[in-house]
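Single-letter residue listing:
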Number of protein chains: 2
Amino acid sequence: MATIQDIADKMGISKGTVSKALNGASDISETLQKSVLETAVEMGYTKLRRQKGAAKKLCILTKNIEYEEPHQFGYEIILGFRQMAEPAGYMVEIVPVTDELQKSTPYDVFMLQNNYLGAFGLGFSLTDSWMKDFQTSRTPTVLYDNYIIANPNIAYVGIDNNEGMELAVSHLKQLGHQKIGYLSSSLESHIMQVRHKAFFRALKQNGLKSAPTYAGSSYYITQCMEKHLPRLLDMGMTAIICSYDLIANAAMIQCQQLGFHIPSDISIIGFDDLPICAYTSPPLTTIRQDRIQLGKSGYYALDSLMNKISIGTLLLHAQLILRNSTGPVSK
Amino acid sequence: MATIQDIADKMGISKGTVSKALNGASDISETLQKSVLETAVEMGYTKLRRQKGAAKKLCILTKNIEYEEPHQFGYEIILGFRQMAEPAGYMVEIVPVTDELQKSTPYDVFMLQNNYLGAFGLGFSLTDSWMKDFQTSRTPTVLYDNYIIANPNIAYVGIDNNEGMELAVSHLKQLGHQKIGYLSSSLESHIMQVRHKAFFRALKQNGLKSAPTYAGSSYYITQCMEKHLPRLLDMGMTAIICSYDLIANAAMIQCQQLGFHIPSDISIIGFDDLPICAYTSPPLTTIRQDRIQLGKSGYYALDSLMNKISIGTLLLHAQLILRNSTGPVSK
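Values in this document were obtained by computation on a predicted structure and should not be read as measured data.

1. Brief notes about the environment of Leu167(A)
Right, so step 1: Its location among the elements puts Leu167(A) in helix α8 (residues 161–174).
Right, so step 2: Put simply, Leu167(A) and Ile287(A) are 120 residues apart on the chain and 8.1 Å apart in space, counted from C-alpha to C-alpha.
Right, so step 3: Setting aside residues no more than four positions away along its own chain, Leu167(A) makes contact with Ile287(A), Ala318(A), Gln319(A), Leu320(A) and Ala150(B).

Structure below.
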């Protein structure tokens, strides 16, 4: 790792100035501090020397994910993470990440600036600019549902979507379904791409016919309902798997408006098991992502990375939760 | 969970006899003890009440894997596991598993009989009869390089073979190679199937041509060298990836005997990074499985399962180790 002298030499400034900038002294301008930090990161700096007794800090980076209320998706993920991290002596800070922050500050610089030892990132999409920084980052970082190849400092945690789709498809097959369709939101996120592939893989493994037209995806749920759902119904699908619960709920409502009875005319399966699934009409059969366990395994993976055990992928078992939106195929 | 009374009722024997059998009392015949344990397992028993102060025991099950000497494949995996488990207060026993044991004793019965709280299984093949037991086992169990679907008590740990193949193929592509072949041992093990698929996936992702004839697999290395290696050379392959290091070493020797120079005529890549790879002629470029880290992550996964965090898959990042068996394609 570079020394303070190396950084000073490279920047043509004094050692004292570098040291002050790294320690965030108030008589150094923000611009100079940032440029020292950026140089330090370029030269391989990953940790500042912490003052004795200073808190060990981790952060949870949030983007496009709601987490403040118990019924929201991120709430229990964050809870599970804290349940492991805090007893282990870490302070955990939640940092909502804006596009501006990502554009103005390289990821490792941000982490160094704030003295975070590691991060758990929730909700990043493929278009976020830090996704590029993660490819070469030297900071231990765990991403929920995002995968970065060949960087030993970054791990991916999530549930096993292949297993989830296999459970959904084989459940429908056991009920006699042969024509199964799939509705998804836009394929611009890693996880929507994974589930889309997993759907076709599961059809194949179960010996069921498939064609690209068996799946439909749109950015907005309403578009998906108008454009793809009627098409799948016209094709004679007797069951539809949806890439997440809110699409499944919209599909159930739309089918019922079109005069289809669920599950006697058509079976619907969701994905995630949001708290609402028990209260939809009918209650929704779905694939559970256990969010407390996701949060805990996020901490497990981060702890491993910080101990130089370079986990790349950690997938939780998926679970099929049977409710009333699936039934035997109608004769 | 069933009570001792339930077991006694089901078997038509006294509660006292069941209790003695479960505690391994010496005045109970072995046959009766076994039949009590089998009934207990059937009825959902997973743990015996341990005497206060008794050691908490885990086991490492070994099958078809050498581990006694530092240069053998299993040695560091076991070491890494113990480095985590023993400081956490577990006694770790190594249990070589025979076919006879698997046939005579159901897996959960064996674990209960020996008071093991969990296991790390190394080297099982798809034909081992306990592989079937794992599908329904209630005992927390981590399998190295074997995957069991939809049982929340079983986890798979290994390295990310897709990432490894991607690193190997893109390294060769950067060196100008366009025709890359693959040699493998028999596809009767889970991991050989995974690597075989990963090879074709990596060719596709790198925009390289492929056909089923680009790969050859045989049970014995000598067969593989006689049957498939000359075929791949005749097809004009300029590089060959091998499913593990010993095949790669045999391929290098065979190529040299046929008058090919390595790497100027043909590049060879192995898989695993066994200690021998630094000493082959030439030293072998390969994909590393870090075995200490594999052992440690085996413990991580087992600890999670015992804490009801149901990890299904834990993959370590693969690493490409560059030595002298790969070079630019000859013009």
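2. Here we look at the confidence of the model for chain A
Right, so step 1: Mean pLDDT over chain A: 92, with 97% of residues reaching 70 or higher.
Right, so step 2: For this predicted complex, the interface score ipTM comes out at 0.82, while the overall pTM is 0.85.

3. Some words on the sheet that holds strand β12 (residues 319–321) of chain B
All names here are of chain B.
Right, so step 1: Across the sheet, six strands lie side by side as β7-β6-β8-β9-β10-β12; this open sheet has mixed pairing. Strand pairing shows two members of the sheet lacking a second neighbour, β7 (215–218) and β12, which therefore form its edges. For this sheet the average axis-to-axis angle between neighbouring strands, irrespective of direction, equals 20°.
Right, so step 2: Pairing analysis gives four bridges linking strand β6 (residues 180–185) to strand β8 (residues 239–242), with the strands arranged parallel. For Leu183, the partnering residue across the bridge sits in β8 and is Cys242.

4. Here's the deal with the sheet that holds strand β4 (residues 141–144) of chain A
Right, so step 1: Strand order in the open sheet formed by twelve strands is β2(A)-β1(A)-β3(A)-β4(A)-β5(A)-β11(A)-β11(B)-β5(B)-β4(B)-β3(B)-β1(B)-β2(B), and the pairing between neighbours is mixed. If you trace the sheet from one side to the other, it starts and ends with β2 (90–96) of chain A together with β2 (90–96) of chain B, each paired once. On average, each strand axis in the sheet is tilted by 20° relative to the strand beside it, whichever way the strands run.

5. Section: the environment of Glu166(B)
Right, so step 1: As for its position among the elements, Glu166(B) is in helix α8 (residues 161–174).
Right, so step 2: Exposure remark for Glu166(B): the relative accessible area of 16% places this residue in the buried category.
Right, so step 3: If we skip the residues at most four places from it in the chain, Glu166(B) touches Ile149(A), Ala202(B), Gln205(B) and Asn206(B).

6. Description of the pairing of strand β11 (residues 311–316) of chain B
All names here are of chain B.
Right, so step 1: With six of six residues buried, β11 is to be regarded as a mostly interior element.
Right, so step 2: In this sheet, β11 lies alongside strand β5 (residues 154–159) in parallel orientation, the contact comprising four bridges. Bridge pairing links Val157 to Leu314 in β11.

7. Section: the pattern of salt bridges
Right, so step 1: Scanning the model with the defined rule gives 18 salt bridges over all chains in all.
Right, so step 2: A salt bridge links Lys20(B) to Asp27(B); the shortest N-O distance between them is 2.8 Å.
Right, so step 3: The partner of Arg195(B) in a salt bridge is Asp272(B), with the nearest N and O atoms 3.3 Å apart. One end of the pair, Arg195(B), is in helix α9 (residues 190–205); the other, Asp272(B), is in strand β9 (residues 267–272), and 77 residues separate them in sequence.
Right, so step 4: Linked through salt bridges whose partners overlap, the residues forming this network are Lys63(A), Asp99(A) and Asp128(A).

8. Some points on the relation of the copies chain B and chain A
Right, so step 1: Superposing chain B onto chain A takes a rotation of 180° combined with a translation of 0.0 Å along the rotation axis, leaving an RMSD of 0.1 Å. These values place the two chain copies in the arrangement generated by a two-fold rotation axis. In terms of C-alpha distance to the rotation axis, chain B has Leu314(B) as its closest residue, with the C-alpha 2.2 Å off the axis.

9. Things to note about the packing of aromatic side chains
Residue and element names in this part refer to chain A.
Right, so step 1: Tallied over the entire structure, the rule returns 27 aromatic pairs over all chains.
Right, so step 2: Note on Tyr147 and Tyr156: the rings are 6.2 Å apart at their centroids and 65° apart in plane angle, and the pair reads as edge-to-face.
Right, so step 3: Owing to a relative accessible area of 26%, Tyr147 belongs among the partly exposed residues under this scheme.
Right, so step 4: The class for Tyr156 is buried, based on a relative accessible area of 7%.
Right, so step 5: Ring-pair connections join several aromatic residues into one group, and the members of that group are Tyr107, Phe110, Tyr116, Phe124, Trp130 and Phe134.

10. What to know about unusual backbone geometry
Across residues other than glycine, the phi torsion is negative in most instances, and most of the peptide bonds are trans.
Right, so step 1: With an omega of 10°, the peptide bond running from Ile262(A) to Pro263(A) counts as cis.
Right, so step 2: Relative to the assigned elements, Pro263(A) resides in the loop between α12 (245–257) and β9 (267–272).
Right, so step 3: Of note, the amide linkage connecting Ser281(B) to Pro282(B) takes the cis form, showing an omega dihedral of -10°.
Right, so step 4: Take Pro282(B): it is sitting in the loop between β9 and β10 (285–288).
Right, so step 5: Even without glycine at this site, Asp272(B) takes up a positive phi of about 120°.
Right, so step 6: For Asp272(B), a relative accessible area of 9% corresponds to the buried category.

What counts, and where the lines are drawn
- Residues numbered from 1 in each chain as written.
- Chains lettered and ligands numbered in written order.
- Predicted model: local features only at pLDDT ≥ 70, side-chain atom pairs only at ≥ 80, totals over all residues.
- Heavy atoms only, no water.
- Helix = DSSP H or I, 4+ residues; strand = E, 2+ residues; numbered from the N terminus.
- Contact = heavy atoms within 4.5 Å.
- pLDDT = per-residue confidence, 0-100.
- Pairing = 2+ DSSP bridges.
- Axes fitted to C-alpha atoms, helices over the stretch in contact; angles between N-to-C directions.
- Buried < 20%, exposed > 50% of the residue type's maximum accessible area, 1.4 Å probe, protein only.
- Salt bridge = Lys/Arg side-chain N within 4 Å of Asp/Glu carboxyl O.
- Least-squares fit on C-alpha atoms with pLDDT ≥ 70 in both.
- Phe/Tyr/Trp six-rings, centres within 6.5 Å; stacked < 30°, edge-to-face > 60°.

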